[in-house]
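# Structure at a glance
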Amino acid sequence: MKLKSHVTFSKEQRRGIFFLILIIIILQCVYLFGMPIILGNSSEDISDNREKIERFTKEVDSLRHVELAENEPKIFPFNPNYITDYKGSTLGMSNEEIDRLLNFRAQNKWVNSAEDFQKVTHISDSLLKAIAPYFKFPEWATNSTSKTTSAFSYNNKSKSFAQKSDLNTATIEQLQRVNGIGEVLSERIIKFRNKFEGGFIADVQLQDVYGLSNEVIESITNEFTVKTPRPIQRIKLNAATMDELVTVQHIDYDLAHDIIEQRQLRDGYKSLDELKKVKGFPFNKFDIIKLYLSLD
């Protein structure tokens, strides 16, 4: 007895099923044989991209190194006797080492060699080795047998106060007779002097004239000195207000605030030298600042 199937397909349905099976087989073949090729190409692309990224990264790093080298602070020859707080910090000196130098200079003493500099500041051998090649001392300090030194020493002893000319009446032409003083510097000295009615108070104010080295200042003061200082009303340090203190050269509001604060803590200053212990006080300008101050 034949059993008749209850599931029958028409001719079109059988054709559709056949094409469906065929499509499935094709898709499987594509998946099995085509994916390795696609993945292989992707791996090659990724590898190629990695190489490009590495090359780009190296170029960027190279440019960064060049920029850092260009922006790195450059050191030019300088006289270590005139190192400031900022200059010292850029050289790698500690605050204590800078203070030792400034205190030494406040006593009107000089370092004339790299060895002297290390003895005063106590900097390490490695730091001295790094910055000493940039030290530039005057010729008279480095060559005691030179003619310049001999002439300097002789002239320095040859003139008394009475023999010197008055710096407050010196003309441009007279100043130009000093070794190291040309037209520009002589005019600059006169211009600075004329900023104050009555001229200079003391020779030390020459330090505030831009462009005058210590050697040139010594040459000037060998021929000239302030004989007619302009009269000033000194400010009483232990009673001065902040507004009064800022009228003094080289004292700004921040420093004036610290000076008054220290005055209160100390119950008054016992000497002008105690100002050097105030935070941020410019040691190299102490001799100028004290011209304007008194204790009583």
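Each value, and the rule that gives it
- Residues numbered from 1 in each chain as written.
- Predicted model: local features only at pLDDT ≥ 70, side-chain atom pairs only at ≥ 80, totals over all residues.
- Heavy atoms only, no water.
- 1 Å grid on protein atoms, 1.4 Å probe; cavity = no way out; pocket = protein on both sides within 12 Å on 5 of 7 lines; lining within 4 Å.
- Points joined across faces, edges and corners; volume = space filled by probe spheres on them.
- Helix = DSSP H or I, 4+ residues; strand = E, 2+ residues; numbered from the N terminus.
- Nonpolar A, V, L, I, M, F, W, Y, C, P; charged D, E, K, R; others polar.
- Core = buried A, V, L, I, M, F, W, Y, C linked by side-chain atoms within 4.5 Å.
- Buried < 20%, exposed > 50% of the residue type's maximum accessible area, 1.4 Å probe, protein only.
- Axes fitted to C-alpha atoms, helices over the stretch in contact; angles between N-to-C directions.
- Parallel < 35°, antiparallel > 145°, perpendicular 65-115°, else oblique.
- Contact = heavy atoms within 4.5 Å.
- Phe/Tyr/Trp six-rings, centres within 6.5 Å; stacked < 30°, edge-to-face > 60°.
- Lys NZ or Arg CZ within 6 Å of the ring centre and 35° of its normal.

With that settled, the discussion passes to the layout of surface pockets. In this model, the largest pocket occupies a volume close to 790 Å³. Put simply, the parts of the chain that give the lining of the largest pocket at least two residues each are helix H3 (95-106), helix H10 (214-223) and helix H13 (286-289). Considering every element that reaches the lining of the largest pocket, the biggest residue donor is H10, with 4 residues. Residue composition of the lining of the largest pocket, grouped by class: 10 nonpolar, 8 polar and 5 charged.

Applying the stated criterion across every chain, the model contains 2 cavities of 30 Å³ or more. By volume, the largest cavity is sized at about 50 Å³. Together, Asn 81, Tyr 82, Ile 83, Leu 102, Arg 105 and Asn 284 line the largest cavity. For the lining of the largest cavity, the residue count by class is 3 nonpolar, 2 polar and 1 charged.

As for its position among the elements, Gln 176 is in the loop between helix H8 (172-175) and helix H9 (183-193). For Gln 176 and Ile 220, which are 44 residues apart along the polypeptide, the C-alpha to C-alpha distance reads 9.7 Å.

Attention now goes to the nonpolar core. For soluble globular proteins, the rule of thumb is that nonpolar side chains tend to be buried together. One finds Leu 237, Leu 245, Ile 251, Ile 259, Leu 275 and Leu 293 to be the most contacted residues of the largest nonpolar core, which totals 24 residues. Examining the composition of this core, we find that 4 residues originate from one element, helix H12 (residues 253-265), more than from any other.

Looking now at the packing of H3 against helix H4 (residues 114-121). The geometry of H3 relative to H4 is characterised by a closest axis approach of 8 Å and an angle of 110° between their N-to-C directions. Relative to H4, H3 is oriented roughly perpendicular. Each of Glu 97, Arg 100, Leu 101 and Phe 104 in H3 lies in contact with H4, whose residues at this interface are Phe 117, Val 120 and Thr 121. Counted by class, the contact of H3 with H4 contains 4 nonpolar, 1 polar and 2 charged residues.

Moving on, we get to the packing of aromatic side chains. For the structure on display, the rule yields 6 aromatic pairs. With a centroid separation of 4.9 Å and 65° between ring planes, the pair formed by Phe 117 and Phe 135 is classed as edge-to-face. Remark: Phe 135 occurs in the loop between helix H5 (125-131) and helix H6 (139-142) and Phe 117 occurs in helix H4; sequence separation between them is 18 residues. Take Phe 117 and Phe 135: they sit in the same class, and that class is buried. Members of the aromatic cluster, joined through ring pairs, are Phe 78, Phe 117 and Phe 135. Its guanidinium or amino end placed over the ring of Trp 110, Arg 105 lies 3.6 Å from that ring's centre, counting from NZ or CZ. Note that Lys 276 overlies the ring of Phe 286, its terminal NZ or CZ placed 4.5 Å from the centroid.

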